[in-house]
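Single-letter residue listing:
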Amino acid sequence: MKTKFAVVEGKRREAQPGLSGKCPLCDDAMIAKCGQFRVWHWAHRGTLTCDRWWEPETEWHRAWKNQFPEGWQETTHQSEDGEKHIADVKTESGVVLEFQHSRLSRDERESREIFYPKMVWVVDGQGRAGDRAQFFAALDAAIVFNREPLIVSVPSNEGALLRDWTSGSPFCGYFIPVARTAGRI
Ligand SMILES: [Zn+2]
């Protein structure tokens, strides 16, 4: 499991050469990985993943997290029954943002929507060839709810991307198309 932050002497710190830290979720040791090619990050020893919901940290994730205050990034959220996960971003008002780069099954998606009382998905809509074109074609048929920022409701059966992210969920009826996502179009 790779994260941006670990706990070093009681404080959240980014990875630096020579630092050792602890996982904010399970308290196990984490190693600072400060290589030449990958973005600096923390990792558990071996392949331990204490949060099974955690996606492998990519530059896409990191760029999105960095759009928000540091204190909001990688925030541990605990449910009343004690289950804990690290949210990509949790705002001061308790809204969780999850940045999803890879595909997610409907069950997996719904388990997060149940766990986080208020949440928004930010999805990388360029995973498959054609997703982007289908998405923007669907926008032509969209109902505009708000102009600034642009919030629309689109037909959910238009294209594989929208089908993936709307099936069965009452939470995903609205989309805020982001034209420029962390440096990529
Ligand atoms: Zn851990």
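Let me sum up the structure you'll find in this document. (Residues numbered from 1 in each chain as written. Predicted model: local features only at pLDDT ≥ 70, side-chain atom pairs only at ≥ 80, totals over all residues. Heavy atoms only, no water.)

1. Points about unusual backbone geometry
Its identity is not glycine, yet Glu9 carries a phi of approximately 45 degrees, on the positive side. Following the sequence through the fold, Glu9 ends up in the loop between strand E2 (5-8) and strand E3 (11-14). Residue classification places Glu9 among the exposed residues on the basis of a relative accessible area of 80%. In this structure, Asp27 is a non-glycine residue whose phi angle is positive, near 75 degrees. For Asp27, a relative accessible area of 49% gives the class partly exposed. (Helix = DSSP H or I, 4+ residues; strand = E, 2+ residues; numbered from the N terminus. Buried < 20%, exposed > 50% of the residue type's maximum accessible area, 1.4 Å probe, protein only.)

2. Re the sheet that holds strand E10 (residues 119-123)
Either a parallel or an antiparallel arrangement is found when strands of a sheet pair, and the pairing is made through backbone hydrogen bonds. An order of E7-E8-E9-E10 is seen for the four strands of this open sheet, with the pairing classed as mixed. Both outer strands of the open sheet, strand E7 (73-78) and E10, are each paired with one neighbouring strand and no more. Direction aside, neighbouring strands of the sheet carry axes that sit 50 degrees apart on average. Across two bridges, the pairing between strand E8 (residues 84-90) and strand E9 (residues 96-100) is antiparallel. Residue pairing for E9: Lys90 is matched across the bridge by Val96. The sheet contacts of helix H2 (residues 106-115) involve E7, E8 and E10, and relative to E10 the element is tilted by about 145 degrees. (Pairing = 2+ DSSP bridges. Axes fitted to C-alpha atoms, helices over the stretch in contact; angles between N-to-C directions. Contact = heavy atoms within 4.5 Å.)

3. Focus: the pairing of E7
When E7 meets E8, the two strands line up antiparallel, connected through five bridges. Its bridge partner being in E8, Gln78 is matched across the sheet by Lys84. Between E7 and E8, which pair antiparallel and follow one another directly, the connecting turn spans five residues, one of which, Gly82, has a positive phi of 95 degrees.

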